[in-house]
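An overview of the molecular structure
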Amino acid sequence: MTVLVAYGTTGGSTAEIAGWIDEELRAAGLDTRLLSAGAVDDVEGYEALVLGAAMYAAGWHNDARKFAKHFEGRFAGRPVYLFSSGPLDHTADDTDLPPNHQAEVAMQLLQAREHVTFGGRLTDEAHGWLGFVARRLEHDGHTGDFRNPERVRAWARHVAAEITAARPGT
Ligand SMILES: Cc1cc2nc3c(=O)[nH]c(=O)nc-3n(C[C@H](O)[C@H](O)[C@H](O)COP(=O)(O)O)c2cc1C
């Protein structure tokens, strides 16, 4: 009985969030597999799914979008939880930000129970085109690390409790 924790990331910050979730699920006694959404070729046998995506241009990261399309309906009857990461300010912590359109589509395809939005990270240490964008945005004060590990971990503990409660015979 293993939980799949999958993520779509470009700059690595969503992968790190998925890693914090993975740690909490394990601490709660669950077996997990932590994978880039683009590296998953089969979902057979997983008892539950946590799928997260970075948000770009009001959309969901391509790897997570493709995952949701490819594995449409495959988690029926099993608990599925989605998260988005993105806002480069404190709005994700201060308000309950709804899923964007592509995340909503993913929720339907995977019959997700829940979606949550976490703050994102963009700093001038980013590589390639992300670094270029970050250096441009820095002037306007739109960069930084707005992730909140405690909030992420608290959500993961709630997910772990639900997955455990959903097990047959419990
Ligand atoms: C070009 C660009 C577009 C972005 N668009 C959005 C957006 O539409 N909504 C949002 O909340 N965050 C947006 N962000 C912020 C990213 O989602 C944030 O940096 C996130 O943490 C990136 O995750 P990653 O490091 O896993 O790729 C954007 C960032 C860049 C560089």
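Residues numbered from 1 in each chain as written. Predicted model: local features only at pLDDT ≥ 70, side-chain atom pairs only at ≥ 80, totals over all residues. Heavy atoms only, no water.

**As for the packing of helix α1 (residues 13-27) against helix α6 (residues 149-165)**
- Two numbers describe how α1 lies on α6: the axes approach to 8 Å, and their chain directions differ by 45°. Regarding the angle of α1 to α6, the classification is oblique. Crossing hand, α1 versus α6: right-handed. Contacts between α1 and α6 pair Ile-17, Trp-20, Ile-21, Glu-23, Glu-24 and Leu-25 from the former with Pro-149, Val-152, Arg-153, Trp-155, Ala-156, Arg-157, Val-159 and Ala-160 from the latter. (Axes fitted to C-alpha atoms, helices over the stretch in contact; angles between N-to-C directions. Helix = DSSP H or I, 4+ residues; strand = E, 2+ residues; numbered from the N terminus. Parallel < 35°, antiparallel > 145°, perpendicular 65-115°, else oblique. Left-handed = near helix turned anticlockwise from the far one by under 90°. Contact = heavy atoms within 4.5 Å.)

**Points about the packing of aromatic side chains**
- Taken as a whole, this structure holds 6 aromatic pairs when the rule is applied.
- Through successive ring pairs, a cluster of aromatic residues spans Tyr-81, Phe-83, Phe-118 and Trp-155. (Phe/Tyr/Trp six-rings, centres within 6.5 Å; stacked < 30°, edge-to-face > 60°.)

**What to know about the pairing of strand β6 (residues 114-118)**
- Most of β6 sits out of view: 4 of its 5 residues are buried.
- Summarising the sheet, strand β5 (residues 80-85) and β6 pair through 5 bridges and their orientation is parallel. If you follow Leu-82 over to β6, its bridge partner there is His-115. (Buried < 20%, exposed > 50% of the residue type's maximum accessible area, 1.4 Å probe, protein only. Pairing = 2+ DSSP bridges.)

**As for the pattern of salt bridges**
- In the structure shown here, the tally under the stated rule is 13 salt bridges.
- A salt bridge links Arg-147 to Glu-16, with the shortest nitrogen-to-oxygen separation between them at 3.0 Å. Taken together, the positions of Arg-147 in the loop between β8 (144-145) and α6 and Glu-16 in helix α1 put the pair 131 residues apart, joining distant regions of the chain.
- Where Arg-151 meets Asp-93, a salt bridge forms, and the shortest distance between an N and an O atom there is 3.0 Å. Taken as a pair, Arg-151 in helix α6 and Asp-93 in helix α3 (residues 91-94) lie far apart in primary sequence, 58 residues in all.
- For Arg-151, a relative accessible area of 24% gives the class partly exposed.
- We classify Asp-93 as partly exposed; its relative accessible area is 29%.
- What emerges from the salt-bridge pattern is a single network uniting Glu-23, Glu-24, Glu-150, Arg-153 and Arg-157. (Salt bridge = Lys/Arg side-chain N within 4 Å of Asp/Glu carboxyl O.)

**A short note on the UniProt feature "domain: Flavodoxin-like" (unreviewed entry) in the chain**
- As annotated by UniProt and renumbered to match this structure, "domain: Flavodoxin-like" (unreviewed entry) occupies residues 3-160.
- With 39% helix and 25% strand, the stretch residues 3-160 has end C-alpha atoms that lie 10 Å from each other. (UniProt positions renumbered as here; feature names shortened; annotations may be inferred.)

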